Every structure is written in C-alpha cells, then in structure tokens.
Amino acid sequence: MRAFRVAYDGSGYRGFQRQSHGETIEDTIFAGLDALGIEFDDGAPVGYAAAGRTDAGVSARTQTVAFDAPEWLSPRAFNSELPASIRAWASADVPDDFHATHDAAERRYRYFLHAPAVDDELARAACRRLSGEHDFHNFTPDDDGTVRDISISARRADAFLVIDCVAGGFARQLVRRLVSVVEAIGRGAREPSFLTLALGSDPLLGPEGIAPAAPEPLVLLNVIYPGVEFETDDDALATAREIFDRRRRRRLATARVAGSLVGGGR
C-alpha cells in the first residue's frame, strides 16, 4: 500500500468525488491510474481511499490518496498520465490496513477572504467564539457528524483575511459557512450575538440561514497522519511549482484586466 500527496487546482472541476457525469478530480485520477495499468476492484484501485472530498472549485495542496501500488509507481510516473492541473509530489509506503480517510488525525483548510473593509478584531473575536467543540448543525447540510472540535484563526495579509480552520474532520460546507459568518460579523452585516443562535440547538431558517462562502478561495492545505513520513519527489515537486506558478501569473493578469474594465486597473 502506498499513499500519495496530490496537489490540484480545483477551479476547472466539479469537485473531488467521483460523479456519474465525470469531470471530477477523482475521475481524472482514476483514468490516469487505469492508463498506467493499476489494478482496479469494483471501479476503484484496490484498497483505495482519499483524505477528503473537496467541493467543486476547491483546491488542495496535500490531498492524500492511498491504494495498492506497484513499486515503480513514483509521483513522477503517476503524473505522466495526469493533466497539469493535478500533480502528485510525494509518497510514502504505508501498512496494508492504512485508510487515507479514517487515519487522518488533522486536516487544515485555508480560506483567502478578500476583505479590505472587514474589522479584523470583530472577525478574530468571531473565530474565537466558533473555536472549540460545538454542534455545527446550522453550518452544514449534513444531518450526522455535526459535532466537531475546530480551531479557527484569522490573520491580515494586505487586502485579504487569511482564515485557517483545523480539525480532525469537517462536515460538508462547514468551512465555507464558518467563513461566511466570520465575514458577515466582521463587516457588520451580522451582530456578534448571532453566533449564539448559530451554535444553538434550533435550526436557522429562511433569511437567518447561513449560506456558504464561494469555493474558489479555499484550499485543503494539510492532512496529518501520525507516524507516516512522506518522501518528496524533488523533480515532481519542482514541476508542480512551475506549473502552478504559471497559473498564478495568468490569474494575476486576468485580475488586472477585470480591474481595467471597472476603471480600477493601471
């Protein structure tokens, strides 16, 4: 059994998990592994599991997938059948009973919130109030697994508020709805007292409900597995950095163009 660290730009995909219509990260990974001759069982590589299921538009730096892999399957070999938007960059041999979902001790998500007008102190106070063990049933469409112990922090980086959410696991849309509430309180659209209602036992309905923040600024930053040491494939990592840096520069240029259309570009 081998585990692989995989980075991807999720902006062009309909999420991570396989779907009937395809066009997901997992569908693309499976197609690449099939082309490499990896053994499948019931539609997936033998022993396969992934660290998490990111939403459509969400990216990842350390998504982790594990399956029965031949010795020759290095990250570079893995990448030979993947598009540039998905890059394996490290791997580790793991026990046969390793499970990439259940054995993860910690997951860290980072959200880059464009928030030049947000009050940082109000936002940080909201993060502190939301941190700890709570029933987050008002922050997810899930009915089960809503009690989570989460650490949330925010720091200023120019026009952005960088929000980190750390926990053993997350319910669907939980991070994006946490960000949505932190932003609303930080810009005065919600009173800090709203958090008492949001974390209370009663469901929030209608206009009181919490909509998720946009998915594109969110990245799965890290997944920690105690006792597992990943070995970086230096060539694969260098190539991934080059590819994603090119994408970064193209988007900076696109942002300048968009700014010029509204009179803000120079």
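Before reading on, note that the structure itself is shown above.
Predicted model, so just to flag it, every value in this text is computed and none were measured.

Quick notes on the rules
- Residues numbered from 1 in each chain as written.
- Predicted model: local features only at pLDDT ≥ 70, side-chain atom pairs only at ≥ 80, totals over all residues.
- Heavy atoms only, no water.
- Buried < 20%, exposed > 50% of the residue type's maximum accessible area, 1.4 Å probe, protein only.
- Helix = DSSP H or I, 4+ residues; strand = E, 2+ residues; numbered from the N terminus.
- Pairing = 2+ DSSP bridges.
- Salt bridge = Lys/Arg side-chain N within 4 Å of Asp/Glu carboxyl O.

**Let's talk about the pairing of strand 6 (residues 86-93)**
Right, so step 1: Among the eight residues in strand 6, seven count as buried, and that is most of the element.
Right, so step 2: Bridging between strand 1 (residues 2-8) and strand 6 involves seven bridges; their strand directions are antiparallel. Among the inter-strand pairings, Val6 is bridged to a residue of strand 6, identified as Ala88.
Right, so step 3: Relative to strand 12 (residues 231-232), strand 6 runs antiparallel, the two sharing two bridges. Following the sheet pairing, Ser91 is matched in strand 12 by Glu231.

**Looking at the pattern of salt bridges**
Right, so step 1: Enumeration over the complete set of coordinates arrives at 17 salt bridges.
Right, so step 2: The partner of Glu23 in a salt bridge is Arg14, with the nearest N and O atoms 3.2 Å apart.
Right, so step 3: Ionic pairing is found between Arg124 and Glu121, a salt bridge with its closest N-O pair at 3.0 Å. Here Glu121 and Arg124 lie together in helix 3 (residues 120-130), a separation of three residues that amounts to about one turn.
Right, so step 4: Classification of Arg124 as partly exposed rests on a relative accessible area of 25%.

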